[in-house]
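Each chain, letter by letter, is given below.
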Amino acid sequence: VEEAVEVAIGEDVTIGVLELSYWPLSVTLRGVVISHPETGETTVVVREISAVGALQDWKLVLKTLQINDPVVVLHLENGKLREFQNIKKGNGGAPAEKFPWQELILNNGTFRLVTPTATLAIDQIRAAPDGERLDLVAGSVVLQAEKQGEGAAPELTARDIVLEDV
């Protein structure tokens, strides 16, 4: 499984534990680590990923994808992501028309985007279905950037952001 994922995403992958259940049909991965092959830096760490399948119209579908405690750190260099440069694109490179899962649940996520002059940090990310929509909530959003000239770097927090009708 690790080799197949490595080929698909172009990054080094380690899976601590893989569990398969036949009823309900599900796959659970624990201790997933993705590293950038050139730098060796860890890009993604996930405590647990669970995928639950179901039969619909006699076809197997991915009903629920649940991701628990993911930490993702990406680097933006020269306007491009340093990581995932060699990801395989399915469907002839065309964007997918829909997600492969019917329901996504994300618990306690952490995301960092690092550039040469700034870092965007989003913590305590939670995503859960609510009827026909997906609610996405973050506990904190912080942007730290170098200030041009003298003085400390400015900091933007969620308290400074007002989102209406989102």
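The coordinates are above.
Predicted, not measured: the structure shown is a model, and the values here were computed from it. (Residues numbered from 1 in each chain as written. Predicted model: local features only at pLDDT ≥ 70, side-chain atom pairs only at ≥ 80, totals over all residues. Heavy atoms only, no water.)

Student: In this structure, what is going on with the overall build of the protein? I would like to understand it.
Tutor: In terms of regular secondary structure, the protein is built from one helix and 10 strands. In the protein, the succession of helices and strands from N to C terminus is α-β-β-β-β-β-β-β-β-β-β. By the burial criterion, 24% of the 166 residues in the protein qualify as buried. Contacts in the protein between residues at least 24 apart in sequence constitute 38% of all its contacts with a sequence separation of at least 6. A total of about 11,800 Å² of accessible surface is found on the protein, and carbon and sulfur atoms cover 55% of it. (Helix = DSSP H or I, 4+ residues; strand = E, 2+ residues; numbered from the N terminus. Buried < 20%, exposed > 50% of the residue type's maximum accessible area, 1.4 Å probe, protein only. Contact = heavy atoms within 4.5 Å. Areas by Shrake-Rupley, 256 points an atom, 1.4 Å probe, with all protein chains shown as cover.)

Student: In this structure, what is going on with unusual backbone geometry? I would like to understand it.
Tutor: For residues other than glycine, phi is negative in most cases, and the peptide bonds are mostly trans. Cis rather than trans, the peptide bond between Trp23 and Pro24 has omega equal to -5 degrees. Of note, Asn78 is a non-glycine position whose phi angle comes to about 55 degrees, a positive value. Judged by its relative accessible area of 84%, Asn78 falls in the exposed class. Residues other than glycine seldom take positive phi values, yet Asn108 does so here, at roughly 55 degrees. Assignment of secondary structure puts Asn108 in strand β6 (residues 101-114).

Remember, this is a structural readout, not a statement about activity or role.
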